[in-house]
Amino acid sequence: MLRTALLIVTGNASASALLLARNLLLARLIPVADYGVAATFAMIMAVIEMTSTLGLQQQIVQSKRGDEPDFQAALQGFQLLRGGLGALALLVLAGPIAQFLGIPQAASAYRWLALVPLFNALQHFDIHRAQRAGRYRPLILTGTLPALVAFIAVWPLALIFNDWRAALCAILLYAALGALTSHFVAERPYRPRLDGPVMRESLRFGMPLLANAALMYLVFQGDKIIVGRLAGMEELAIFAMGMTLTLTPSLIGAKSVQNLFLPKLSSAHGRDDAAEHRRFAAATFEGMFLTGSTLLLGTLLVGQIVVVAVLGAKYASLLPLLIPFALLNTIRAIKNGPSTVALSAGQTDNGLWGNVPRIAVLPLSYWALVQTGSMLPVIWLGIIGELAGLALALWRLSKVMALPEVNRAALTTVFTILSVLVLAYLPSPGSSGILVTWIGALVLVAAQFAGLTNLRSFFSRDPMPLA
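Residues numbered from 1 in each chain as written. Predicted model: local features only at pLDDT ≥ 70, side-chain atom pairs only at ≥ 80, totals over all residues. Heavy atoms only, no water.

Draft legend 1. View of the overall build of the protein. Scanning the protein for helices and strands turns up 19 helices and zero strands. Looking at the protein as a whole, 54% of its 467 residues qualify as buried. Sequence-distant contacts, at least 24 apart, represent 85% of the contacts inside the protein between residues at least 6 apart. When the accessible area of the protein is evaluated, it comes to approximately 19,600 Å², of which 69% is carbon and sulfur surface. (Helix = DSSP H or I, 4+ residues; strand = E, 2+ residues; numbered from the N terminus. Buried < 20%, exposed > 50% of the residue type's maximum accessible area, 1.4 Å probe, protein only. Contact = heavy atoms within 4.5 Å. Areas by Shrake-Rupley, 256 points an atom, 1.4 Å probe, with all protein chains shown as cover.)

Draft legend 2. Main features of empty space enclosed by the protein. Going through the model one piece at a time under the given rule, you end up with two cavities of 30 Å³ or more. Here the second largest cavity is characterised by a volume of approximately 40 Å³. As for the second largest cavity, its lining consists of Val219, Phe220, Met243, Leu328, Asn329, Arg332, Arg358 and Glu386. Counting residues per element, the ones that place at least two in the lining of the second largest cavity are α10 (196-231) and α13 (322-344). Among the elements that make up the lining of the second largest cavity, the one with the highest residue count is α13 (three residues). (1 Å grid on protein atoms, 1.4 Å probe; cavity = no way out; pocket = protein on both sides within 12 Å on 5 of 7 lines; lining within 4 Å. Points joined across faces, edges and corners; volume = space filled by probe spheres on them.)

Draft legend 3. Spatial organisation of a nonpolar patch on the surface. The grouping of Val302, Ile305, Val306, Val310 and Trp438 at the surface amounts to a nonpolar patch, some 400 Å² of accessible area in total. The biggest single contributor to the nonpolar patch is helix α12 (residues 274-311), with four residues. Mapping Ile305 onto the fold places it in helix α12. The exposure class of Ile305 is exposed, given its relative accessible area of 55%. (Patch = residues over 30% accessible without salt bridge, like charges linked within 9 Å, V, L, I, M, F, W, Y side chains within 5 Å. Salt bridge = Lys/Arg side-chain N within 4 Å of Asp/Glu carboxyl O.)

Draft legend 4. Examining the environment of Asn120 more closely. Among the structural elements, Asn120 can be located in helix α6 (residues 115-121). When the C-alpha atoms of Asn120 and Leu177 are compared, they prove to be 9.7 Å apart, with 57 residues separating the residues in sequence.

Draft legend 5. Geometry of the nonpolar core. Phe41, Tyr110, Leu113, Met241, Leu245, Tyr315 and Leu318 are the most contacted members of the largest nonpolar core, which totals 87 residues. When residues in this core are grouped by element, the largest group, eleven residues, is from helix α2 (residues 32-51). Residues contacting Met241, with those up to four places away along its chain left out, are Asn23, Leu24, Ala27, Tyr35, Leu311, Tyr315 and Leu318. Counting 24 residues, the second largest nonpolar core, distinct from the first, contains Leu265, Phe280, Ala281 and Met288. (Core = buried A, V, L, I, M, F, W, Y, C linked by side-chain atoms within 4.5 Å.)

Draft legend 6. Main features of the packing of helix α11 (residues 233-270) against α13. Running from amino to carboxyl end, α11 crosses α13 at an angle of 15°, the nearest separation of the two axes being 9 Å. If you check the angle between α11 and α13, you find them roughly parallel. In this structure, α11 crosses over α13, and the sense of that crossing is right-handed. Partitioned by chemical class, the residues of the contact of α11 with α13 number 14 nonpolar, ten polar and no charged. (Axes fitted to C-alpha atoms, helices over the stretch in contact; angles between N-to-C directions. Parallel < 35°, antiparallel > 145°, perpendicular 65-115°, else oblique. Left-handed = near helix turned anticlockwise from the far one by under 90°. Nonpolar A, V, L, I, M, F, W, Y, C, P; charged D, E, K, R; others polar.)

Draft legend 7. How the structure looks around α11. Its maximal kink placed at Phe261, α11 deviates by approximately 35°, while the proline Pro263 follows within four residues. Burial of α11 is extensive: 28 of the 38 residues sit out of reach of the surface. Asp272, located one to two residues past α11, shows a positive phi value of around 60°. (Bend = angle between axes of the 7 residues up to and from the residue.)

Draft legend 8. Here's a closer look at the packing of aromatic side chains. Tallied over the full model, the rule gives three aromatic pairs. Their ring planes at 90° and their centres at 6.0 Å tell us that Phe41 and Tyr110 sit as a pair that is edge-to-face. Of this pair, Phe41 sits in helix α2 while Tyr110 sits in helix α5 (residues 107-112), and the two are 69 residues apart along the sequence. Tyr110 shares its class with Phe41; the two are buried. Arranged with centres 5.2 Å apart and planes meeting at 75°, the rings of Phe239 and Phe325 form a pair that is edge-to-face. Of this pair, Phe239 sits in helix α11 while Phe325 sits in helix α13, and the two are 86 residues apart along the sequence. (Phe/Tyr/Trp six-rings, centres within 6.5 Å; stacked < 30°, edge-to-face > 60°.)

Draft legend 9. Highlighting the side chain of Asp34. You can see Asp34 is positioned in helix α2. Contact partners of Asp34, with chain neighbours within four places excluded, come to Asp163 and Trp164.

Draft legend 10. Region of interest: unusual backbone geometry. Of note, Asn162 is a non-glycine position whose phi angle comes to about 55°, a positive value. Along the chain, Asn162 falls in the loop between α8 (137-161) and α9 (165-184).

Draft legend 11. How the structure looks around α13. When the terminal C-alpha atoms of α13 are compared, their 34 Å separation across 23 residues agrees well with the 33 Å that a helix rising 1.5 Å per residue should span. Counting buried positions along α13 gives 22 out of 23 residues, so the element sits mostly inside the fold. Just past α13, the residue Gly346 takes up positive phi, approximately 90°. (Expected span 1.5 Å × (residues − 1).)

Draft legend 12. Spotlight on the pattern of salt bridges. Enumeration over the complete set of coordinates arrives at seven salt bridges. The residue Glu386 makes a salt bridge to Lys335 at a minimum N-O spacing of 2.7 Å. Highlighted residues: Glu386 in helix α16 (residues 376-397) and Lys335 in helix α13, separated in sequence by 51 residues. Summarising the burial analysis for this pair, Glu386 and Lys335 share the class buried. A salt bridge links Glu386 to Arg358, with the shortest nitrogen-to-oxygen separation between them at 3.5 Å.

Draft legend 13. Expanded view of the environment of Leu18. Considering the arrangement of structural elements, one finds Leu18 in helix α1 (residues 2-29). Taking relative accessible area as the criterion, Leu18 reaches 16% and is therefore assigned buried. Here the alpha-carbon distance between Leu18 and Thr144, two residues 126 residues apart in the chain, equals 7.7 Å. Contacts of Leu18, omitting those with residues within four sequence positions, involve Thr144, Ala147, Leu148 and Phe151.

This is the structure in structure tokens:
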């Protein structure tokens, strides 16, 4: 099992690290304002992805019919239909969106982005069927190879265009290669078809996920929309880069934990094995705790070094925002624990409820930015919303199952968070302060691993051959 976990983490980390490297290289090579425009591309694509989120990939993993060729073909057909509708919507709305954001020159770019939902919809679902059987290589290759090519292409694209068009071409290249790679690693022929009953079943399964995706869009993009609309493209570039640097590592960990445990959680729930399900749930929670703590400690130790060395002086205003950004995404990573366990038990609206408080603070964020002109209150309001969302997600999960016993891991995680805040904000100048920070971080790492009793037990008791 440890070898499988390492394969998943390495694969997810490689793809995400390459995408992060692509964004960092773009930020380094093109002007700050142009990177702000490029950040709006992600905001626009997130809208399209949000409107087409029905959990079709999760159904291949979670449904008892996930191995049936006809069921897979029906899901692929539904996916293709949704991708076409998303592309059409973006073509129609490109102009109004560009006007709203105050960058009418980007309207043509948004029309080109309409190709992305089509490319994504053409991906072969065999990569998810393989995951159901514990084989992760097809999924990992589909994410990693296109990311590598897109990263390599950034430098010549930036030399040719030297503006946001380099980002546009890199995004299109990544999406197209993702579709091609998924077909290259597939075992079954690609047979999309439209099936009314399966579409209705998918809608019933996915409507809570769709509602949650709408909230997720506001969670991840709402603050950016506010900053871009009120403060302009340069401030949006700073805010988007802070989110990218801290969100990407948390997504790597959260996605890896979910890929590893969701099939096993779903299998245990399907067998009505409550004891096994609770054991996997406890390990899932602790995996999310580890993800969040690692992000926070890593930001404390190397965050400023990365910003200065990689992005240069033009992103210096990001430095005081790094720890708040990391804390925001640490709590978000932890919140993936109850939502993953709840999904395996059939409670697909857990993530939706967990995001409600985060959305509720957006009007306050708008007001705070108008009043102060600073992004820092926006981030701290987001942290408050994430904490309230975590509490609500745990409460919702308690309605369908007893919460797993992870008290020790939870306490060490809280201790880690508080200690990082102390180390980050207490004055400790000079080399002695750096030494204290590193020693403190090592102590926190040891304490964190000591608290992960269920996760360590899981890996020691569940050997599994590498797929």
